[in-house]
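# Summary of structural features
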Amino acid sequence: MIAWIRIVIVLVLVVLWTLLLLPVQLTSNRFNWRLSWYLPRWWHRVAARLMGLRVITHGELDTHRPLLIAANHSSWKDIVVLSSVADVVFIAKSEVRDWPIFGWLARWQRTVFIERERRRQTGEQVNEVARRLADGEIVVLFAEGTTSDGNRILEFKSSLFGAAASALEASPTGSVSIQPVAIAYTHANGVPLGRYGRPLAAWPGDTELSPHLKGVLKEGAFDVQVCFGEPVKYGVNSNRKQVTREIEGQVRRMHQEQLYGGGAAAN
């Protein structure tokens, strides 16, 4: 009973917080105000606290622009977590646009939707990402292309880094900074999550959203480690596959360190 009361309270507060900020965000989007870049962080910070997500950061966000963040992906919570610590926009598959709740939030946050099946539109979509990067926005790429179970990092797809190459021409420095970021869910209610408990925080692709969301809210609290790695400069002479493997290697190392190295608080 207590768990269900908590779920209802959290959902009501999130809805009220959304209704408070939504008109401002929609207006900002309509008139292309810079406020639309920053307002989502306020929403996600409060939402993270209400959902019991304790976000612990390690390292610093790169100050170089254009900046593309390449992160691992195990749950819809990754979006809330990253948005609570940086003013970012996301690249997402087109199906997300039609999801209830999360699709609406994604559109309000000005997500770039990629239609992978329609190759004729791929160039336009990559150009849109490049334009965002060139304008100074921080774009997040979940480089695995899907969600994992939270215990491992899937292979990064080099094709998804095409936006970095497309943004080079508009970059004032002649390069795009790609920063690896690892997200690791390490504790639930203060208790370390083991290999078999970690999927509770993750959201693998074949898991239905509704029961998973209820399970997360019932659990009460999660500690999430966010590790900012060493940025890699992508220039005209860069090899995309080599850069992808370098970024993937950093994310794997940071992720494993957090899962099996204690996950102590940093910032």
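Everything below is about the structure printed above this text.
Remember, predicted model here, so these are calculated numbers, not experimental data.

### Remarks on helix 3 (residues 77-85)
When you tally the buried positions in helix 3, you get seven out of nine residues, the bulk of the element. Along helix 3, the residues that are buried comprise Lys-77, Asp-78, Val-80, Val-81, Leu-82, Ser-83 and Ser-84.

### Remarks on the pattern of salt bridges
On inspection of all chains with the given rule, the structure shows 10 salt bridges. Connected through salt bridges with shared partners, the residues Arg-110, Glu-128, Arg-131, Arg-132, Asp-135 and Glu-137 form a single ionic network.

### Comments concerning the pairing of strand 5 (residues 138-142)
Among the five residues of strand 5, five are classified as buried, and the element is accordingly described as predominantly covered. Every second residue of strand 5 is oriented toward a common face, with Ile-138, Val-140 and Phe-142 on one face and Val-139 and Leu-141 on the other, all of them buried. Examined bridge by bridge, strand 3 (residues 88-93) and strand 5 share three bridges and lie parallel to one another. Of the residues in strand 5, the one forming a bridge with Val-88 is Ile-138.

### Details of the nonpolar core
The biggest cluster of nonpolar side chains holds 39 residues, and the ones touching the most others in it are Met-51, Leu-53, Trp-76, Leu-82 and Val-181. The contact partners of Val-181, leaving out residues within four places of it in the chain, are Ile-69, Ala-70, Ala-71, Asn-72, Leu-82, Val-226, Cys-227, Phe-228, Val-251 and Met-254. Residues Ala-70, Val-89, Ala-164 and Leu-168 belong to the second largest nonpolar core, which totals 29 residues.

### Observations regarding the packing of helix 2 (residues 35-51) against helix 3
For the pair helix 2 and helix 3, the least separation of the axes is 8 Å and the interaxial angle reads 125°. By the criterion of interaxial angle, the relationship of helix 2 to helix 3 is oblique. You can see that helix 2 and helix 3 cross each other, and the crossing is left-handed. Counted together, Arg-41, His-44, Arg-45, Ala-48 and Met-51 of helix 2 and Ile-79, Val-80, Ser-83, Ser-84 and Val-85 of helix 3 form the full contact between these two elements. In terms of residue class, the contact of helix 2 with helix 3 is made up of five nonpolar, three polar and two charged.

### Description of the environment of Val-88
Assignment of secondary structure puts Val-88 in strand 3. For Val-88, a relative accessible area of 4% translates into the label buried. Residues Val-88 and Leu-67 lie 21 residues apart in sequence; the distance between their C-alpha atoms is 10.0 Å.

### Focus on the packing of aromatic side chains
Scanning the entire structure with this criterion turns up three aromatic pairs. Ring geometry for Phe-31 and Trp-33: centres 5.5 Å apart, planes at 20°, overall stacked. Ring geometry for Phe-90 versus Phe-142: centroids 5.8 Å apart, planes at 20°, classification stacked. Linking Phe-90 in strand 3 with Phe-142 in strand 5, this pair joins segments that are 52 residues apart in sequence. Pair check on accessibility: Phe-90 and Phe-142 agree, each one buried. Positioned above the aromatic ring of Trp-37 is the side chain of Arg-34, whose terminal nitrogen or guanidinium carbon lies 4.0 Å from the ring centre.

### Here's the deal with the side chain of Glu-144
Tracing the chain through its elements places Glu-144 in the loop between strand 5 and helix 6 (162-166). For Glu-144, which is buried and forms no salt bridge, the nearest opposite charge comes from Arg-252, at a distance of 6.9 Å. Excluding anything up to four places from it in sequence, Glu-144 contacts Asn-72, His-73, Arg-152, Ile-153, Leu-154, Glu-155, Phe-156 and Lys-157.

Criteria and thresholds
Residues numbered from 1 in each chain as written. Predicted model: local features only at pLDDT ≥ 70, side-chain atom pairs only at ≥ 80, totals over all residues. Heavy atoms only, no water. Buried < 20%, exposed > 50% of the residue type's maximum accessible area, 1.4 Å probe, protein only. Helix = DSSP H or I, 4+ residues; strand = E, 2+ residues; numbered from the N terminus. Salt bridge = Lys/Arg side-chain N within 4 Å of Asp/Glu carboxyl O. Pairing = 2+ DSSP bridges. Core = buried A, V, L, I, M, F, W, Y, C linked by side-chain atoms within 4.5 Å. Contact = heavy atoms within 4.5 Å. Axes fitted to C-alpha atoms, helices over the stretch in contact; angles between N-to-C directions. Parallel < 35°, antiparallel > 145°, perpendicular 65-115°, else oblique. Left-handed = near helix turned anticlockwise from the far one by under 90°. Nonpolar A, V, L, I, M, F, W, Y, C, P; charged D, E, K, R; others polar. Phe/Tyr/Trp six-rings, centres within 6.5 Å; stacked < 30°, edge-to-face > 60°. Lys NZ or Arg CZ within 6 Å of the ring centre and 35° of its normal. Lys, Arg positive; Asp, Glu negative; His and termini not counted.

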